[in-house]
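Residue-level structural notes
Chain residues, written in single-letter form:
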Amino acid sequence: MNIYQGVAITDEVNRKNHVIPLSTIIKAYRDSWDTIIPMNLGHDRTKPIGYTCFTGIYMEPGKAYATNESAIVETDEEREKVRKMIESYDYDIFCKNRKSE
């Protein structure tokens, strides 16, 4: 797998002219710091390409960044492993956590 580190979100104005407050960034990190989030090609859930997860919050005067680490699959073995991980993730998100519905 290729591993990349980057910035997921900041508290600056984004390209859609929205600002995400620092409190929201901290809450997002708090709620999902231990969650591996699937990445799909073009948001197509049938085409998984890897996963990402939050790694921390970097702060400097006047700016905050939620950092992330993304893993992109390279081999068929890795692709199968990620596919199974995504199936488990989907079950938790869409079935297990919504049993009462």
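Above this text you will find the structure in question.
The sections below set out a description of the structure shown in this document. (Residues numbered from 1 in each chain as written. Predicted model: local features only at pLDDT ≥ 70, side-chain atom pairs only at ≥ 80, totals over all residues. Heavy atoms only, no water.)

**What to know about unusual backbone geometry**
Positive phi is not limited to glycine here, since Asn17 has a value of about 65°. In this fold, Asn17 is placed in the loop between strand S1 (2-10) and helix H1 (22-32). Given the relative accessible area of 64%, Asn17 is considered exposed. Despite not being glycine, His43 has its phi angle at roughly 65°, a positive value. Along the chain, the position of His43 falls in the loop between strand S2 (37-40) and strand S3 (48-60). (Helix = DSSP H or I, 4+ residues; strand = E, 2+ residues; numbered from the N terminus. Buried < 20%, exposed > 50% of the residue type's maximum accessible area, 1.4 Å probe, protein only.)

**Some thoughts on the environment of Met59**
Mapped onto the elements, Met59 comes out in strand S3. Apart from residues no more than four positions distant in its own chain, Met59 is found in contact with Leu22 and Ala64. (Contact = heavy atoms within 4.5 Å.)

**Things to note about the side chain of Ser70**
Within the secondary structure, Ser70 is located in strand S4 (residues 63-72). Classification of Ser70 as buried rests on a relative accessible area of 13%. Only 3.1 Å separates the side chain of Ser70 from the side chain of Thr52, close enough to count as a polar contact. Among all residues touching Ser70, those that are not within four sequence positions of it are Asn2, Ile3, Tyr4, Met39, Tyr51 and Thr52. (Polar contact = N/O pair within 3.5 Å; in protein donor to acceptor, adjacent residues only side chain to side chain.)

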